[in-house]
Amino acid sequence: MKSTRLAIGYFAPYIGDSVSQAIWSGVVGAARELDVNLICFAGEGLRAADESPNPSNVAYDLASTKALDGLVSWTSGVGRSLPHDQVLGFHRRYHPLPVVSLTVPLAGIPAVMIDSYQGIRDIIAHLVEFHGYCRLAFIQGLEGTYYAQERYRAYTDALEAYGIPFDPRLVTTPGEFVVSTGMKGVQLLLDERKLRPGVDFDAIVTASDL
C-alpha cells in the first residue's frame, strides 16, 4: 500500500560520476525540501530493440502508479543511444503518471532544459575575444542526440559569426559523453591527422566536460 506521503521516482542511468552526482544532489535536495519520498531507479542506458538486452534496464520496470505519484527522468542519460521517437515511447509507457524530463524536450512532457547552445557560444566568445584564439578544434558528442547537435550547431554558428573559416580537419568524429571520447578525439587530431597545437589549432572545445 502506498503511504500518504508523496513518492517521486528518479530515473538515472548511473549516479557515480561527477555529472550524475551533481544532478542527484539536486534531486535529493528538492525531495528533502518538499518532504517527499524519493526512489532512485539506476537502470543504466536503454538499448535498442535489436541490441542484446541490458539486465540493468529491468530497474525501470519497477516504477509504477502503485508505488509512485510522479517521475523525474534524466532523459539524455537514460535514452542517450536511442532515436528520439523511441525515447518518447519509453516515457509514455508510464502514463498517466506525471513525468518531467531532464535535458531533453519530449512532446507532451514538461522538461527542464540546459542551454547548451548558448554555453558553447559563450565558450567560443571567451576564447576569441579574451585570448585571441581563432583556430578552434571541436570534439563532438554522441551523434543524433539533442545536446550534441545543439553544441555542434553553436560551434559552427560561432565560427561564422566571428568570420572564422570552418575547417573539417579540426572536428572529430562523434562519440559518447565519456572520458575515452576525449582521449580518442585528441589522438585523432594529433596522431592521425598530425595537427600541431599552437600551429594548426589554438584550443580544443568539447561537447562534454567528461
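In this report, we go over the structure that sits alongside the text.

1. Some points on the sheet that holds strand β3 (residues 70-73)
- Pairing is parallel in the open sheet, where five strands are placed in the order β2-β1-β3-β4-β5. Each having just a single partner strand, β2 (37-42) and β5 (111-112) make up the two edges of the open sheet.
- In the packing of helix α1 (residues 18-34) onto the sheet, the strands contacted are β1 (7-12), β2 and β4 (99-102), and the crossing angle to β2 comes to about 155°.

2. Concerning the environment of Leu190
- Assignment of secondary structure puts Leu190 in helix α6 (residues 179-192).
- By relative accessible area, which is 31% here, Leu190 ends up partly exposed.
- Once the C-alpha coordinates of Leu190 and Ala7 are considered, the two residues, 183 residues apart in sequence, prove to be 51 Å apart.
- Those residues in contact with Leu190 that lie beyond four places of it in its chain are Leu195, Pro197 and Phe201.

3. Some words on the packing of aromatic side chains
- Considering all chains together, one arrives at twelve aromatic pairs under this definition.
- Residues Tyr60 and Phe90 carry aromatic rings whose centres are separated by 5.8 Å and whose planes lie at 75° to one another, so their mutual orientation is edge-to-face. Highlighted residues: Tyr60 in the loop between β2 and β3 and Phe90 in helix α3 (residues 84-92), separated in sequence by 30 residues.
- Linked through ring pairs, Phe11, Phe41, Tyr60, Phe90 and Tyr94 together constitute an aromatic cluster.

4. Comments concerning the side chain of Ser208
- Residue position: Ser208 is located in the segment after β7 (203-206).
- For Ser208, the side chain forms a polar contact with the main-chain nitrogen of Leu210, separated by 3.1 Å.

5. Structural notes on the environment of Ser25
- Take Ser25: it is sitting in helix α1.
- Classification of Ser25 by relative accessible area gives partly exposed; the value is 45%.
- It is 38 Å that separates the C-alpha atoms of Ser25 and Pro197, two residues lying 172 residues apart in sequence.
- A distance of 2.8 Å separates the side chain of Ser25 from the backbone oxygen of Ala22, its partner in a polar contact.

6. A few points about the packing of helix α4 (residues 116-129) against helix α5 (residues 146-161)
- At a closest axis distance of 8 Å, the pairing of α4 and α5 adopts a crossing angle of 40°. Compared by their axis directions, α4 and α5 come out oblique. Handedness of the α4/α5 crossing: right-handed. Between α4 and α5, the residues in contact are Ser116, Tyr117, Ile120, Arg121 and Ile124 and Tyr147, Glu150, Arg151, Arg153, Ala154, Tyr155, Asp157, Ala158 and Ala161, respectively.
- Taken together, the residues of the contact of α4 with α5 break down into eight nonpolar, one polar and five charged.

7. Let's talk about the pattern of salt bridges
- Considering all chains together, one arrives at seven salt bridges under this definition.
- The closest approach of N and O atoms between Arg135 and Asp202, which form a salt bridge, is 2.7 Å. Remark: Asp202 occurs in the loop between α6 and β7 and Arg135 occurs in the loop between α4 and β6 (136-139); sequence separation between them is 67 residues.
- If you follow the salt bridges from partner to partner, you end up with Glu150, Arg153 and Asp157 in one network.

Cut-off values and rules
- Residues numbered from 1 in each chain as written.
- Predicted model: local features only at pLDDT ≥ 70, side-chain atom pairs only at ≥ 80, totals over all residues.
- Heavy atoms only, no water.
- Pairing = 2+ DSSP bridges.
- Helix = DSSP H or I, 4+ residues; strand = E, 2+ residues; numbered from the N terminus.
- Contact = heavy atoms within 4.5 Å.
- Axes fitted to C-alpha atoms, helices over the stretch in contact; angles between N-to-C directions.
- Buried < 20%, exposed > 50% of the residue type's maximum accessible area, 1.4 Å probe, protein only.
- Phe/Tyr/Trp six-rings, centres within 6.5 Å; stacked < 30°, edge-to-face > 60°.
- Polar contact = N/O pair within 3.5 Å; in protein donor to acceptor, adjacent residues only side chain to side chain.
- Parallel < 35°, antiparallel > 145°, perpendicular 65-115°, else oblique.
- Left-handed = near helix turned anticlockwise from the far one by under 90°.
- Nonpolar A, V, L, I, M, F, W, Y, C, P; charged D, E, K, R; others polar.
- Salt bridge = Lys/Arg side-chain N within 4 Å of Asp/Glu carboxyl O.

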